[in-house]
Structure formats: C-alpha cells, structure tokens
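Structural features, examined
What follows is the residue order along each chain.
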Amino acid sequence: RENSIHLCNPHLEKMKEDILYHFALGTGTHDFPALFGDVKFVCVGGSPSRMKAFIAYIAEELGLGSPGGDYPNICAGTDRYAMYKVGPVLSVSHGMGIPSISIMLHELIKLLYHAKCSNITIIRIGTSGGIGLEPGSVVITRQSVDATFKPQFEQVVLGKTVIRSTNLDEELAKELMQCSKEINQFNTVIGNTMCTLDFYEGQGRLDGAICLYNEEEKLQYLKEAYDSGVRNIEMESSVFAAMCNLSGVRAAVVCVTLLNRLEGDQISSSHDILVEYQQRPQKLVGYFIKKSLGKV
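Residues numbered from 1 in each chain as written. Predicted model: local features only at pLDDT ≥ 70, side-chain atom pairs only at ≥ 80, totals over all residues. Heavy atoms only, no water.

The next thing to look at is the overall build of the protein. When helices and strands are tallied, the protein shows 7 helices and 12 strands. Taken against the 2.2 N^0.38 rule, which gives 19 Å for 296 residues, the C-alpha radius of gyration of the protein at 19 Å falls within 12% of a compact globule. With the principal axes as the frame, the protein shows a C-alpha extent of 55 × 50 × 35 Å. A separation threshold of at least 6 residues defines the contact pool for the protein, and within that pool the share at least 24 residues apart is 76%. For the protein, the distance from the average position of its 28 positive side-chain charges to the average position of its 33 negative side-chain charges is 6 Å. (Helix = DSSP H or I, 4+ residues; strand = E, 2+ residues; numbered from the N terminus. Rg over C-alpha atoms; globule rule 2.2 N^0.38 Å. Contact = heavy atoms within 4.5 Å. Lys, Arg positive; Asp, Glu negative; His and termini not counted. Charge placed at Lys NZ, Arg CZ, Asp CG, Glu CD.)

Next comes the structure, spelled out in structure tokens:
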C-alpha cells in the first residue's frame, strides 16, 4: 500500500514556488522528483560530519559506492544543514535542540512531499545520556516524554498552547529491536526517551554555569524518570515524533548512551571509545535498511 506524505498546510497548494531556505533548495530551481523521488529511508542526526560518515557507511553496506568515494553536500549553498544521498537513503543533519530540528523537519517533510516520495521511514540516530544503563547501550524510543515525564510536545502557536502526541511507530521499534538481536554486538533496549529544552539545568546536571539544586535532588529526579520508564535523555525526540505523526511518516529514534547519568554528569570515556559508541546506531540502522531491501 502506498503511504504518501501528508502535509498539514492547505496554504502550500496556492504557492507558485516553495523555497526551502535553510536547505538552499526550491521547487522553482530544482527538480525534486528527479533528485529525491527514489528515497525510502531518511536518517537524521545532529552533526554534519556524523551524517556524512553515515552516508559513506551505508553506501558501502549497500554496495552503492566506491571505497573512499566522496559524497557532495546537497545543501552546500547554506551552512545551516548538510544533506547527503546514496540510492534510496537520504542523510541529513539537524543541529542541536528542538528549534533546530523543527526547522529542518518542516523543510524535509516538504521536500519529500514535492518529490512525491511514498512509504518513507525516518530515523533519528544520535547520542544521549543514559539512565540506569551501561554506557554504550542503544535505546530505541517507545515514546518521547517531556521533562515532567508526559508523552507530549507542547508548543505555543498564535499565542495559544498546542499539545501534540509523541508516540512513535511501535512495529518499527520492534523491527529495530529484532535487528539488534540479529547483530548481537551491543546492549539494546526499548524505553522512553526524555526530551529536554536544555543540556544542563533541564537535564539535572550539576556542572553548568548555573545550578540551584543539590546532588540529592538531582538523583531523586533522575530516579523518578527511570521509574516512569525513561532510559535516556536528549533534546530533539519530542518534536521529531510529533511532526512525523502529523505527516503520516513512519519514524523511530535510535540513540546510544554515552554515560549513565546516575553515576555522573561529564563524559569520561576516551575519544576512541566514544567514536565506537557513536557508530552503534549507524550499525543498527544500516542493518535495518539492508534487511528492508533484502540485502541481508
């Protein structure tokens, strides 16, 4: 069954041209169906360099690129985001935090719509702080929750508070979990992900420039989060889930934990270990894409 992108904006039909400003792309200057019409998988992550590394990795896994081959940045006309493509896979950076990923997603969803893409799967791959997990564990998000552990994304639109659901595709999460079992290289769990507006106070850290609570209060809060089902903390999943829900897109969040927040606030692992940790979501999602394409 063809599942097309749903745009929740009737005004777009009246526009002669749609300029995706932060991508440096536009329907009047680019042939979206020719450029992106074959895309089936979109992977997004914070860092441009990580998303370039991912596209090189997936190209090799799918046998679509030459070793050491270069992949041009489709969004080279801007320094806001980076975008790379190989075969049916699009890899896009989203920056850090809800505002940055929100802007990117508005333009990405419109890009997929203008390209007439169907049956799209979008997966955020990234890093996070774990709660009660060994560093290096991978969390597949069941639902994103806010800093009060509610599964919702709250936004002010025209001066009014709008609340949107942050549930993610349950079947997709199960498929990814099965893929991790087949790889059998690292600990993977399905759990809730807490999405915060800040890296320091918002996540209960003791090492920011401002901190007006003590360690006991911090640990009590993180244990409450754990008891509510939260297994990791990051800063993008809530709006990601909400926007994918509204657009009818199958979506998942797959993040590795760089530390256990119950044991500290600062990342102490060596650079080499952190690089290997950051490759774990790539390996899992890469295997999932290969399996979905019948290449496993």
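Turning next to the nonpolar core. One finds Phe23, Val42, Leu108, Leu111, Leu112, Ile122 and Phe240 to be the most contacted residues of the largest nonpolar core, which totals 41 residues. Looking at this core, the elements with two or more residues in it are helix H1 (32-36), strand S3 (41-45), strand S5 (89-93), helix H3 (98-114), helix H6 (237-246) and strand S12 (250-260). With sequence-adjacent residues up to four places away left out, Leu111 is seen in contact with Leu20, Phe23, Leu25, Phe32, Phe36, Met83 and Leu90. Phe41, Ile55, Ile58 and Ala59 belong to the second-largest nonpolar core, a separate cluster that totals 36 residues. (Core = buried A, V, L, I, M, F, W, Y, C linked by side-chain atoms within 4.5 Å. Buried < 20%, exposed > 50% of the residue type's maximum accessible area, 1.4 Å probe, protein only.)

So, on to the environment of Ala225. Position of Ala225 relative to the elements: it lies in helix H5 (residues 215-227). With 29 residues separating them along the chain, Ala225 and Thr196 place their C-alpha atoms 12 Å apart. With sequence-adjacent residues up to four places away left out, Ala225 is seen in contact with Ile131, Phe149 and Val230.

Before going further, it helps to spend a moment on the UniProt feature "binding site: phosphate" (unreviewed entry) in the protein. In the numbering used here, UniProt assigns the "binding site: phosphate" (unreviewed entry) feature to Arg80, Arg124, Ile125, Gly126 and Thr127. Ile125 has contacts with Val44, Gly45, Arg50, Met51, Phe54, Val254, Pro281, Gln282 and Val285, leaving out every residue within four places of it along the chain. By the secondary structure assignment, Gly126 is in strand S6 (residues 121-130). The exposure class of Gly126 is buried, given its relative accessible area of 5%. (UniProt positions renumbered as here; feature names shortened; annotations may be inferred.)

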